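Okay, here's what each chain looks like letter by letter:
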Amino acid sequence: MPQALEGSQAIARAVALCQPQVVAAYPITPQTHIVEHIASLVADGRLRCELVSVESEFSAASVVLGAACAGSRAYTATASQGILLMSEVLFNISGLRVPLVMTCANRAVSAPLSIWNDQQDSMAVRDAGWIQLYCADNQEAVDTTIQAFRIAERCELPVMVCVDGFTLTHTLEPLELPSQDMVDGFLPPYRFVRALDPLAPISMGTLVGPEYFTEVRQMHHEALLAAEKEIVAAAADWSAACGRELAPLVRADGPPEARIGILTLGSVFGTLQDARERFADTPVRLLHLRSFRPFPVEALRAACQGLSELVVLERALAPGADGIVGTEVRSALMGIDGAPRVHNFAVGLGGRDVPLSIYPRLLAAIHEPHPRMGTIDIDPRYLPPKARATGETPP
Amino acid sequence: MTTETLHDLRGDQPRFQGLEAGHRACQGCGQALAARLTLEAAGPDVVLANATGCLEVFTTAWPDSAWRVPWLHSLFANAASVAAGMEAALKMQGRDVKVIALAGDGGTFDIGFQALSGMLERGHNVLFVCYDNEGYMNTGVQRSSSTPHAAATTTSPAGVARIGKRHLKKDILSIVAAHHIPYAATASVAYPTDLRKKVRRAIQVDGPSFLQVHAPCPLGWGHGGELSIEVARLAVQTGLFPLIELERDVLIGAMPIRRVRGIKDYLRPQGRFRHLFADDPRAREELAHLQALADHNIEVYGLRGDRPDTLDSEGADTVHRGGRHFA
Ligand SMILES: Cc1ncc(C[n+]2csc(CCOP(=O)(O)OP(=O)(O)O)c2C)c(N)n1
Ligand code: SF4
Ligand SMILES: [Mg+2]
């Protein structure tokens, strides 16, 4: 039966259903509600776990690393500055091939200081060697959180579940929470074969010289590519259990005859769905890139079949370069017959609202003869006079 | 007693070797010896979290490892937090395994300081052992906040305008003890029996405990590897490195010194203090300064004793524990 829950509360309940033995976190907006809810579940005896309220995100990531290596399922959550403070540990966790789940309540990165949503934080650590799954809505956040533990533990890779701060974390939506039996049937108890044990001592995190380093990195790379299969399997099995349709890698929504596609990650997908209903005159296929790491090249190509124009929306900037997602999409589509032209825009940075009216502007932008990366929702009034002339103006 | 019987007696005393021979430490490395002694006393039911530093590097180079106990190296700054996570997990699993964090002075006094403080404050059942060789040795002997005043390192060289490190050695033990943890102590590789005893005591604590082990680095300190024990002993006998124990920030024991040595005896064999023996008024001033620091330690910890000095590991067991606060 659907219930109305705040995104953070729903995520906390989903985490609790997975019964982590150790949770460590440090508060940061907009992640705070998740950890507060977990704390109250622990306080009420509804979740039996060690909640370690650490002194920094750097330690939060380090605590869950230690806990997972000592043989316990562990979970953490953070955002923005917290992701950056963790970044050294994030690379370390994945390099050690430690299964962990973390929620990233996506938020802009300072400066300028902003507590509001974009995806600069998770994009900044896109090459940290974690699986990154983006959620379009809170039901997906619940389902993805549960799947994430199984994916992580089967692949011996950490999974970052990315949910847009405020837009999802602080929004009440009707959603289904699974039963404990359902989760138990899907997610076996935590088992880490390399767990540290005095009866079978191993050394982890040793120095690796140039004679082995490349091979270790290559194995990590291949493990991420191979994780695609587990992401697909987890979605299929969870879908069978909960009865909800789930697209594991790329969700394509729209008519097969559509020539125009718009691709995004996260909650903007819902906005675009609403907008398409409002401006129904052109057939448009909406794509949600759920799995950004591993980057699902084949699934993306299949989802783009028949498109001649593809608009890629970024929720982050790579200053001085092309779009982050756009570049990867372009590279994935390169060389295939009838690949669509890729138009690339940043939108909704630092919590700027993404209104329905963005939709017709995106459709208009595809007529640009030489598509280049730009920020589509710039307000020229707030640029200094000189930049007003050269700044990317809305098409 | 013949050599033969002595040998037999030793054979009868099985010692657990958590850190095997064959690692790549320099000859006379104090830290290598100190880590071996720590593991001997701790026994096999431990899990280790090792910070980046010499110890981590010289004990493991894939595919070799000198460790016979479960060991994890994550990063330079996070040994205390990784250990805290291990402890939380093992506690939830209901397992009786002691978690020990190992770090150099850099991983303790400096970059690992915040994580250490957090772990202590949260009361994790973790023993944190700092191998204090008074500098960043793994990266080529740079100054740390543990480097003694006036010592030369590659980032605090002595020259016409500078006399070595300008600042004081951070009093980490007092800072750690100020967390009011159940047990905090200093130890030295020159007193192995005392060191083992302190490890055993720290292990038994149900909560955070801390050991700062003075561990000479022949490479960084500029003395022969064969002098490591001698140099470490002189640090204690001059009062520059007092061996003390604190429970919840209260001094409960100090190793007394009967014949206090002048600091020059300690400084002279070490290249890092060579510039202090130049005919230079600044050098004389710094020598006086260092002597004052040693005298201060002797005074505040009540180190002057009237029993025979402890000279070796056998004697250290019979050490009279006392000190002014204890009396
Ligand atoms: C974040 C970070 N900064 C710097 C380093 C480089 N580094 C590695 S070990 C080390 C010094 C270690 O000093 P200490 O903790 O005293 O251990 P020692 O080698 O002296 O035993 C440094 C600076 C690093 N590994 N990580
Ligand atoms: S440099 Fe110093 S601490 Fe490092 S291995 Fe050599 S003697 Fe030991
Ligand atoms: Mg050091």
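Whatever comes next refers back to the structure up there.
Here, residues in each chain are numbered from 1, in the same order as that chain's written sequence. For naming, the first written chain is A and the first written ligand is 1, with later ones following in the order written. Local features in this predicted model are restricted to residues of pLDDT 70 or higher, and side-chain atom pairs are both shown and tallied only at a pLDDT of 80 or more, whereas totals for entire chains, interfaces and linings draw on every residue. Derived side-chain values reflect all non-hydrogen atoms in the structure, with water molecules and hydrogen atoms excluded from consideration.

### Structural notes on the nonpolar core
Formally: The definition of a nonpolar core used throughout is a set of buried Ala, Val, Leu, Ile, Met, Phe, Trp, Tyr and Cys residues joined through side-chain atoms within 4.5 Å. Note on classification: 1.4 Å probe, protein chains only; a residue is buried when its accessible area is under 20% of the maximum for its type, exposed when over 50%, partly exposed between these limits. Domain segmentation is taken from an automatic or database assignment of domains. Contacts: residue pairs with any heavy atoms within 4.5 Å of one another.
Counting 149 residues, the largest nonpolar core has Tyr-75, Leu-263 and Val-329 of chain A together with Phe-210 of chain B as the members making the most contacts within it. Composition of this core by domain shows at least three residues from each of domain 1 (3-188 + 209-242) and domain 2 (250-390) of chain A. Among residues more than four places away in sequence, those in contact with Val-329 of chain A are Leu-263, Phe-295, Leu-300, Leu-310, Val-312 and Val-342 of chain A. Counting 59 residues, the second largest nonpolar core, distinct from the first, contains Ala-25, Trp-71, Ile-203 and Phe-273 of chain B.

### A word on the sheet that holds strand β13 (residues 291-293) of chain A
As a reminder, the rule being used: Here, a strand pair is defined by DSSP locating no fewer than two bridges between the strands. Helix numbers and strand numbers start at the N terminus; a helix is a DSSP run of H or I with at least 4 residues, a strand a run of E with at least 2. Axis lines are fitted to C-alpha atoms, over the contacting stretch for helices. Their N-to-C directions set the angle, which ranges from 0 to 180 degrees.
Pairing is mixed in the open sheet, where seven strands are placed in the order β3-β2-β4-β5-β7-β6-β13 (chain A). In this open sheet, the two edge strands, each paired with only one partner strand, are β3 (50-53) and β13 of chain A. Strand after strand, the sheet turns through a mean of 20° between neighbouring axes, direction not considered. Examined bridge by bridge, strand β6 (residues 131-134) of chain A and β13 of chain A share two bridges and lie antiparallel to one another. Residue pairing across strands places Gln-132 of chain A opposite Arg-293 of chain A, the latter belonging to β13 of chain A. Seen against the sheet, helix α6 (residues 138-155) of chain A touches β4 (74-78), β5 (101-106), β6 and β7 (159-164) of chain A and runs at an angle of roughly 170° to β7 of chain A. Against the sheet, helix α4 (residues 79-92) of chain B makes contact with β2 (22-25) and β3 of chain A, and its axis sits at roughly 160° relative to β3 of chain A, the strand it touches most.

### What to know about the site of ligand 2
Using the following cut-off: Here a residue is considered near a molecule or strand provided that any single heavy atom belonging to it is located within 4 Å of it.
As a matter of local geometry, ligand 2 sits amid Ala-25, Cys-26, Cys-29, Gln-31, Cys-54, Phe-58, Asn-133, Cys-217, Pro-218 and Leu-219 of chain B. Of all the elements in the fold, those that place two or more residues in the shell around ligand 2 are α3 (54-59) and α9 (218-221) of chain B.

### Points about the site of ligand 1
The test is simple: Identification of polar contacts relies on pairs of N or O atoms within 3.5 Å, with a donor-acceptor requirement for protein atoms, meaning one able to donate a hydrogen and the other able to accept it, and with residues adjacent in sequence counted only if both atoms are side-chain atoms. Here the open area of atoms and residues is found with the Shrake-Rupley method and a 1.4 Å probe, where only the protein chains shown may cover a residue.
Around ligand 1 lies a shell of 17 residues, among which Cys-54, Gly-106, Gly-107, Gly-135 and Asn-138 of chain B are the nearest. This site is not confined to one chain, since residues near ligand 1 come from chains A and B. One of the backbone nitrogen or oxygen atoms of Gly-107 of chain B is found 2.9 Å away from an oxygen atom of ligand 1. Here ligand 1 loses 77% of its free accessible area of 590 Å² to cover by the protein chains.

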